[in-house]
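Understanding the architecture of this molecule
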Amino acid sequence: MTTFKYKPFYEYSGPTRSDPFRERLTDEQIQQNKREFYSHLDWAFTNTDASFEIDNTGIVSIFTTVLSESECDEIMKRHLNSLDLFANKVREPQC
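These lines cover the structure that appears in this document, whether it is placed above or below. (Residues numbered from 1 in each chain as written. Predicted model: local features only at pLDDT ≥ 70, side-chain atom pairs only at ≥ 80, totals over all residues. Heavy atoms only, no water.)

On to the overall build of the protein, then. When its secondary structure is counted, the protein shows three helices and four strands. For the protein, the N- to C-terminal ordering of α and β elements is β-α-α-β-β-α-β. Overall size of the protein, expressed as C-alpha extent along the three principal axes, is 40 × 25 × 25 Å. Burial analysis of the protein (95 residues in total) assigns 31% to the buried set. The contacts in the protein between residues at least 6 apart in sequence include a share of 61% that link residues at least 24 apart. (Helix = DSSP H or I, 4+ residues; strand = E, 2+ residues; numbered from the N terminus. Buried < 20%, exposed > 50% of the residue type's maximum accessible area, 1.4 Å probe, protein only. Contact = heavy atoms within 4.5 Å.)

Written out as structure tokens, the structure reads:
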């Protein structure tokens, strides 16, 4: 089983080409979007074998046997974009 890890965050750098009317979210909106991010993971990964674990620092681990890293990244990107969030990919140190 393969594991991919992500830590979501919010960053406002102004309007973008794809969203010219983008506005800064309030702290309350940011927290709500993060809650929705975690609670809708099952929906984002519908029709996959993905399972999830969220640690106390907010890092989500996605366990899968069928998704490649690029497929998982693409699903995460769409899910994050729908909530105006970004994520850092967490890589385990190599021993």
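Back to the text.
Take helix H3 (residues 69–82) next. Given a rise of 1.5 Å per residue, 14 residues ought to cover 20 Å, and the 20 Å separating the end C-alpha atoms of H3 matches this to within 8%. For H3, the full list of buried residues reads Cys72, Ile75, Met76, His79 and Leu80. Here the buried residues of H3 occupy an arc of 130° about the axis, which is enough to place them on one side. For H3, the exposed residues set more than 90 degrees away from the buried face come down to Ser70, Arg78 and Ser82. Where H3 is buried, its residues touch strand S1 (2–9), helix H1 (27–39), helix H2 (41–44), strand S3 (60–64) and strand S4 (86–90). Directly after H3, the chain includes Asp84, whose backbone phi takes a positive value near 60°. (Expected span 1.5 Å × (residues − 1). Arc of directions from axis to C-beta.)

Turning to the pattern of salt bridges, a few remarks are in order. Tallying each qualifying case throughout the model produces five salt bridges. In this structure, Lys89 engages Glu69 in a salt bridge whose closest nitrogen and oxygen atoms are separated by 2.7 Å. With Lys89 in strand S4 and Glu69 in helix H3, the pair connects residues that are 20 residues apart, well separated along the chain. As a salt-bridge pair, Asp73 and Lys89 come within 2.6 Å of each other at their nearest N and O atoms. Residue Asp73 is found in helix H3, and its partner Lys89 is found in strand S4; the two are separated by 16 residues along the sequence. By relative accessible area, which is 30% here, Asp73 ends up partly exposed. We classify Lys89 as partly exposed; its relative accessible area is 25%. Connected via shared salt-bridge partners are Glu69, Asp73, Lys89 and Arg91. (Salt bridge = Lys/Arg side-chain N within 4 Å of Asp/Glu carboxyl O.)

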